[in-house]
Amino acid sequence: MALLEPPAIKRTGKRRQRRSWTGWAFAGPFMAVFAFVFLAPIAYAIYLSFFRTRLIGGTSFVGLENYKNVFTDAQFWSAAGRVTLFLLVQVPIMLFLALLVALAIDSGRLYGKAFFRVTVFMPYAVPAVVATLMWGFMYGNRFGLVANINEALGTTLPDPLSPGLILASIGNIVTWEFVGYNMLIFYSALQVVPKTLYEAAEIDGASQLRIIRSIKLPAIRGALLVATIFSIIGSFQLFNEPSILKSLAPNAITTYFTPNLYAYSLSFSGQQYNYSATVAIVMALLTMIVAYAVQLRSSRKER
Amino acid sequence: MAITRRTFLRSAAAVSVATAASGALAACGTDDNPSAPTVSANDVQAALEKGGTILVWAWETTLKDVVTSFQAKYPKVKVELVNAGTGDKQYTALQNAIKAGNGVPDLAQIEYYALPQFALGKSLTDLSGFGAGSLDGTFTPGPWASVKAGGGIFGLPMDSGPMALFYNKKVFDTHGIAVPATWDEYVAAAKKLHAADPKAYITNDTGDAGFTTSMIWQAAGKPFSVDGTNVKINLADTGSAKFAGLWQQLLTDKLLAPVGSWSDGWYKGLADGSIATLVIGAWMPANLESGVAAAKGDWRVAPMPQWTAGGNATAENGGSSLAIPKAGKNNALAYAFLKYATAEEGVKIRVDKGAFPATNAELKSDAFANKEFPYFGGQKVNQVLGQSAAGVVSGWSYLPFQVYANSIFNDTVGKAYVSSTTLSDGLKAWQDACAKYGKEQGFTVS
């Protein structure tokens, strides 16, 4: 590469300019779409976050004041805390279950492998809105499944839609929805592992557990990382499930239940577009930091 | 000839736009309203002759027939009736359309509680410029007061919702419960009913801002007062405290069915008798007939329970106006339809379809008062509801940001329904949250 450089310098300025234009002609269409579809919305959100529009007094430039407010906003931090708790509890459970299913299917000892693979994956094909409505009906303790169980068995099950249990109930829905998706990621990663490794391990007398620990898990480390990062982003962006369950549990799910729901209420019922944009930006930054930290940590381990 | 008229109209429109713009710049809260465009009856007539299309956003079902008859009368006019959602869903869509500056309807259904917010946001046309002031006396006092804000008239009343007690007579008879005339009797009835049948509740409630404010209204509370940009919020005043004391008893003893209104469970409960009463607006009969058809003959209507025996105080619950968004394209034509639907032939069409009128003429007509409702076992329901319209306590006002306030009701007052928080603490939290928002929006809140 370095050897090719010197002649280029000798050429005239005109020629160099033409060369750079040719490059742009190829990259241009992409850059235009990229700028319009990806960069412009982000730039607009950042622009919005520097202003404040009020019912009385109109729009004014407020600099970083919105950001200052976010950092002292108890509602925002309670929402962020809630999704962090969700992340710490729900994501490990979901990934563990997904891994378990993937290993079971991959082990080849399961009867009806294809059936299980499709069945576990099926919930992912159900739209989140439909899934939540379905679970909402089941959770109902007056007309739903919970009510029917209570009636049939004479029990008093705790109300899954009460404030104390609602986060766990949402975690259950999300787990149901996404175990199959993560299982598929793990399973496809396991398919790539050369079968000869297993044979060699068996000849060495390794147990199945040992094979999992020493061959399979290290082999799908990359897939685990990808699934973890997707799950972190997914948890921080929690919106559909609480937003739909809100009509069934209006007093348990507040308008600031998750950061996304908060940003939504701010802009659509509160007309506080500027503050809403600020909340969205801060949350995006938080998500990036956490996802990056996880990636950094696991790639350091790899070395 | 046509050209001259068109140019005249165009220049008139230009003038009105200019005045509207200057009005938007002027300080708000002034009583004289320079922003009101003047459009004479002749202009409206001209618009009708010229024809065109207007877009109407409303969820009120009886308007469909009004559109049909209006189009038959003015064949050159086409009215597009769109249901853009009910209540706050529609307001969100409307606010977004206004903000975006396109897709704004020429006419929009706006409930009375939400009207001040849109009027204050300078999103609506002041109808005094169309001569709407001359309709004074056409409408009942409650709704007429509700469409006026800051010296302007920002909509025309379409229906009203004076409250009454709808009760399931079959359930009451089975358990030998008398129809409660006071709130104390209501609580007693709630206890008796639930003791007799643990599955039955006197009513349902999961925290409803509209219901709560209406109840405080009937108790002569005035938690919100608005003077220009000065807002006073006191959700601990006598009326509010009265309501909180009453409702807390029902909450503490778990005498309210934890079912949200308008949910599937709600309709089911109304049909099977597990929700025995509803204290709700006079627009309810049509909803019961269509949504709870199975309970035909079970329900009756009685006056709203009173705070003092023998009283006749009531409040409005819901009820909507039709308003003309400023950004709508065809204001003159929109006004023609607005007047037709709310003050002319349209009223009768809507009342025949089960709507509850906000006009004096219809309310006082014999045909209206003496109409027998087979759904209510032949009861002359409108006599009770008409009396309720006359007893609405005066002096009530909503916040200029009531749509937002109602959206956070369940964050604060809702806690009283699912935890040990008391209703009065919940109301206090609601007050604080409303005050905070009001200050952020530039109001002086005290």
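Residues numbered from 1 in each chain as written. Chains lettered and ligands numbered in written order. Predicted model: local features only at pLDDT ≥ 70, side-chain atom pairs only at ≥ 80, totals over all residues. Heavy atoms only, no water.

### Some remarks on the sheet that holds strand E13 (residues 299–303) of chain B
Residues and elements named next belong to chain B. Taking strand neighbours across the sheet as the criterion, the 3 strands line up as E12-E7-E13 in an open arrangement whose pairing is antiparallel. Whereas interior strands pair on both sides, the edge strands pair on one side only; in this sheet they are strand E12 (277–281) and E13. Across this sheet, the average inter-strand angle for adjacent strands is 30°, counted without regard to direction. Of the strand pairs in this sheet, strand E7 (residues 163–168) and E13 are connected by 5 bridges, and their pairing is antiparallel. If you follow Leu 165 over to E13, its bridge partner there is Ala 302. (Pairing = 2+ DSSP bridges. Helix = DSSP H or I, 4+ residues; strand = E, 2+ residues; numbered from the N terminus. Axes fitted to C-alpha atoms, helices over the stretch in contact; angles between N-to-C directions.)

### Side note on unusual backbone geometry
All names here are of chain B. A positive phi angle, close to 55°, is found at Lys 122, a residue other than glycine. Secondary-structure assignment places Lys 122 in the loop between helix H5 (115–120) and helix H6 (141–146). Look at Lys 122 and you get partly exposed, because its relative accessible area is 32%. Backbone geometry at Trp 262 places phi at a positive 70°, although glycine is not the residue there. One can find Trp 262 in the loop between strand E11 (256–257) and helix H11 (264–272). (Buried < 20%, exposed > 50% of the residue type's maximum accessible area, 1.4 Å probe, protein only.)

### Overview of helix H10 (residues 208–219) of chain A
Residue and element names in this part refer to chain A. Taken as a whole, H10 has its buried residues at Ile 211, Ile 215 and Lys 216. Across the axial projection of H10, the buried residues extend over an arc of 85°, all falling on one side. Of the exposed residues in H10, those oriented more than 90 degrees away from the buried face are Leu 209 and Arg 213. On its buried face, H10 sits against helix H4 (74–106), helix H8 (166–191) and helix H9 (195–203). (Arc of directions from axis to C-beta. Contact = heavy atoms within 4.5 Å.)

### So, helix H10 (residues 238–252) of chain B
Residues and elements named next belong to chain B. End to end, H10 covers 21 Å across 15 residues, agreeing with the expected 21 Å (1.5 Å per residue, within 8%). Among the residues of H10, Gly 239, Ser 240, Phe 243, Ala 244, Leu 246, Trp 247, Leu 250 and Leu 251 are the ones counted as buried. Lining the buried residues of H10 we find helix H8 (183–196), strand E8 (203–204), helix H9 (209–218), E11, helix H20 (415–418) and helix H21 (423–440). A positive phi of about 55° marks Lys 254, the residue just after H10. (Expected span 1.5 Å × (residues − 1).)

Keep in mind that these numbers describe shape and distance, not what the molecule does.
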